[in-house]
Amino acid sequence: MIDSLYIAWRYICYNRFKSATLLICVTLIVSLPIALNVLLYESETQLMSRAAGTPLVIGQRGSALDLVMNTLYFDNEAPEPIPMAACEEIRDSDLALPIPVYARFQARDNPIVGTTLDYFEFRGLTLGQGRMLTMLGECVLGASVAERLGLGPGDSLVSSPESLFDLAGIYPLKMRVVGVFQKSHTADDLAVFVDIKTAWVIQGLGHGHQDVTRLQDPSLVLKRSDSSVAATAKLYHYTEITEETVGSFHFHGDLADYPITAVIAVPCDAKSGTILRGRYTEAGEKLQIVVPEEVIDGLLQQIFRIKSVLDAVIGVVATATVLALILVFVLSLRIRQREFYTTFKIGGSRLTIARLIAAEMLLIATGSSILCVMASIATALHADYLVRMLFIR
Amino acid sequence: MKGLLIAIGVAAAVLLFPGSIPRSLASDRLNICVVNYPLKYFAERIGGDHVSVILPIPRDVDPAYWTPDVATIAALQKADLIFLNGAGYAGWVDKVSLPLSRVVNTSKAFSDRYLTSKAEVTHSHGPTGEHTHENLAFTTWLDFDLAARQAEAVATALSRKNPAYKEMFTQNFQPLKDELKSLDAAMSRAASRAPETPLIASHPVYDYLVHRYRLNLKSVHWEPHEFPRPKQWLELQEHLTTHPATCMIWESQPLAEIEEKLHTLGLKCVVFDPCGNVPEAGDFLTVMQQNAENLRAVFK
């Protein structure tokens, strides 16, 4: 048997391109459904674990999926904003712990998430470096963001303008990085966290500028009376919040009217959760309350429906490929007739020829199996990253 | 003998396995942070031995204008409850990160009764157009009815945080409420004797006092430890022409030379300490009772 395997191995080495093609075809046919299953299982696990860990989400009426994807995974598509008062109402109801989320802005293609310290406690995020947010204008980075951008405590990060062509728009804010979270293997690793009030400063709702009542430069004042000062566009707005400028930062109006994209509600108990959900079911209600687990489950149902179609397509393609391979193999046997005849002439029996062909097939199958196992292990090892790249982000 | 053995056993367990100490045996005191002295007083009166209240502000600083450093904010973030006064008091609150779930605005229930201190200069710049930095009056506790409601908010928050002692917190709150109500009644009675009596205040911090007890009071902006500039004396004299007050209310005893000069203008100095920070002597109630006594003398 060893001699048959040796001759088969020499044949494979001599016809390396043909053998490699065969090897790749067999490997792909087998490993593709395995990889797909691994990725789908991982995406289901990831999506469901985060969704299951987020009891309720309240946001503007509209697409529940957009709301959940933005709140849980900081997806680019921000839902319509709701007022901060929605968060206060839940707090006043004593039914749940409300955590505001404002995920609308970006910094170097990473989502900026405005929230409160309760969010970090709720998600169990722990600091790897630096300290927690304390002042306006500070940010704490998710582990992957810090790694990718090469940033750490003491560095700074500038928020990205929403539109490049909005020349009269809001100045980007230079944020101070004060900490980096430990890796959590969730979407939190990919976010830049700021206090909700810092997010409002990024939006321009809170701002810091020279004291208009003490302006001496006439080119800065458009009109002045006892009760009013109109400043020109030359008025200097601070683009960084430092210990010197923080005092000049202020918000206009009632903070309860300020926008957020969603509220994560953590009910005190099941009964409180049910009562809270009941409050958002009235016809005229502008807000919706969703159970992320149900929304993500619905999404997964869709994915699995697509998966069964994909499975069928892969099945058909695999059958066609196997048939093509058989055809190629049969044709190659005909081409190799002279070779078999020579073997026969030098004393090799029909059984020897059959053993040679079987050894070649065995070697190809073994090679494919090894590659399949390697591909599956690689997919499983990187499933977490691949799922985020392919499905979540 | 049996009790002694149990005590030794507990002590040994505590020494050997400190992590295993039940919370009730170790310490179930709530760590409370407050932004001014009235709230500290309310929390201590209501919480008793079950709270440890911290006012992280030096005694010589007005808590309304104090700003914490990073280390203090980090300490504040670890508190079980953070009691805010609300009504724009302690502007630093809007500039720091605090855990929303543990922050209690003690005046939120009566936010519709907030008073605007004085219209600031309206200004406009950029695309947002004209806007005013509204200046809310923040010494809400000088209206003793509102002070009682703030104390109630403190009691409610403590009960929610530690329901095991709800009954005790309620019991502690009741006498405090009664004392504040009687102070409120005493002030109302005193002010009603001569409601039109014109008064001058050295600092614009008495809005809630004026509103609640219908005082006829105008404010200037003087400091008790700084001799006023000539312009400020002129401003006062202008006020006196239309508002013939014979009494000027101060946050603390003014300099002797200020008092002397005011005397020549026919003004007597009366101290009404808003008690924003820990008083040198007494407590919130005794200071307020003294304040009420001082004012009662004015209305005689």
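Because the structure is a prediction, the values reported are computed rather than measured.

## As for the sheet that holds strand β7 (residues 198-201) of chain B
All names here are of chain B.
Then, number 1: Spatial ordering of the open sheet is given by β8-β7-β9-β10, a layout of four strands whose pairing is parallel. Of all the strands in the sheet, the pair left with one neighbour each is β8 (216-219) and β10 (268-271). Here the average twist between neighbouring strands, direction ignored, is 30°.
Then, number 2: Across four bridges, the pairing between strand β9 (residues 247-250) and β10 is parallel.

## Quick word on the confidence of the model for chain B
All names here are of chain B.
Then, number 1: On average, residues of chain B score 85 in pLDDT, and 85% of them are at 70 or above.
Then, number 2: Mean pLDDT across the secondary structure elements of chain B bottoms out at helix α2 (residues 23-26), with 41, and peaks at helix α3 (residues 37-47), with 97.
Then, number 3: Overall, residues 126-131 carries pLDDT values under 50, and its contacts beyond four positions in sequence, including any with other chains, amount to twelve contacts.
Then, number 4: Predicted complex, confidence summary: ipTM 0.80, pTM 0.79.

## Focus: the sheet that holds strand β3 (residues 81-84) of chain B
Residues and elements named next belong to chain B.
Then, number 1: Ordered by their spatial adjacency, four strands build an open sheet running β2-β1-β3-β4, and the pairing between neighbours is parallel. Because the sheet does not close on itself, it has two edges, and the strands there are β2 (51-54) and β4 (103-105). Adjacent strand axes in the sheet meet at a mean angle of 25° when their direction is disregarded.
Then, number 2: Relative to β3, strand β1 (residues 30-34) is paired through three bridges, and the arrangement is parallel. Note that in β3 the partner of Val34 across the bridge is Phe83.

## Quick look at a nonpolar patch on the surface
Then, number 1: A grouping of Val322(A), Leu323(A), Ile326(A) and Val330(A) is seen on the molecular surface, where their side chains present a nonpolar patch of about 340 Å² in accessible area.
Then, number 2: With a relative accessible area of 47%, Ile326(A) lands in the partly exposed category.

## Quick look at unusual backbone geometry
Residue and element names in this part refer to chain B.
Then, number 1: Backbone geometry at Ala90 places phi at a positive 60°, although glycine is not the residue there.
Then, number 2: With respect to the helices and strands, Ala90 occurs in the loop between β3 and β4.
Then, number 3: Backbone geometry at Cys275 places phi at a positive 60°, although glycine is not the residue there.
Then, number 4: Note on placement: Cys275 falls in the loop between β10 and α10 (284-298).

## Notes on the packing of α3(B) against helix α5 (residues 144-161) of chain B
All names here are of chain B.
Then, number 1: Two elements in contact, α3 and α5, have axes separated by 9 Å at closest approach and are oriented at 50°. Put simply, α3 runs oblique to α5. For α3 against α5, the interelement crossing comes out right-handed. Taken together, the residues of α5 that come into contact with α3 (itself represented by Leu39, Phe42, Ala43, Ile46 and Gly47) are Ala147, Gln150, Ala151, Val154, Ala155 and Leu158.

## Observations concerning the packing of aromatic side chains
Then, number 1: Within this structure, the stated rule accounts for 25 aromatic pairs over all chains.
Then, number 2: Ring centres 5.4 Å apart and planes at 80° place the aromatic pair Phe42(B) and Phe284(B) in the edge-to-face group. Here the residue Phe42(B) occupies a position in helix α3, and Phe284(B) occupies one in helix α10, the gap between them amounting to 242 residues.
Then, number 3: Overall, Phe42(B) belongs to the buried group, its relative accessible area being 0%.
Then, number 4: With a relative accessible area of 0%, Phe284(B) lands in the buried category.
Then, number 5: Taken together, a centroid distance of 5.7 Å and an interplanar angle of 45° make the contact between Phe227(B) and Trp233(B) tilted.
Then, number 6: Pairwise contacts between aromatic rings join Phe74(A), Tyr119(A), Phe120(A), Phe181(A) and Phe193(A) into one cluster.
Then, number 7: Sitting over the face of the ring of Phe344(A), Arg350(A) holds its NZ or CZ atom 5.8 Å from the ring centroid.
Then, number 8: The cationic tip of Lys261(B) hangs over the ring face of Trp233(B); the distance from NZ or CZ to the ring centre is 4.5 Å.

Cut-offs applied
- Residues numbered from 1 in each chain as written.
- Chains lettered and ligands numbered in written order.
- Predicted model: local features only at pLDDT ≥ 70, side-chain atom pairs only at ≥ 80, totals over all residues.
- Heavy atoms only, no water.
- Pairing = 2+ DSSP bridges.
- Helix = DSSP H or I, 4+ residues; strand = E, 2+ residues; numbered from the N terminus.
- Axes fitted to C-alpha atoms, helices over the stretch in contact; angles between N-to-C directions.
- pLDDT = per-residue confidence, 0-100.
- Contact = heavy atoms within 4.5 Å.
- Patch = residues over 30% accessible without salt bridge, like charges linked within 9 Å, V, L, I, M, F, W, Y side chains within 5 Å.
- Areas by Shrake-Rupley, 256 points an atom, 1.4 Å probe, with all protein chains shown as cover.
- Salt bridge = Lys/Arg side-chain N within 4 Å of Asp/Glu carboxyl O.
- Buried < 20%, exposed > 50% of the residue type's maximum accessible area, 1.4 Å probe, protein only.
- Parallel < 35°, antiparallel > 145°, perpendicular 65-115°, else oblique.
- Left-handed = near helix turned anticlockwise from the far one by under 90°.
- Phe/Tyr/Trp six-rings, centres within 6.5 Å; stacked < 30°, edge-to-face > 60°.
- Lys NZ or Arg CZ within 6 Å of the ring centre and 35° of its normal.

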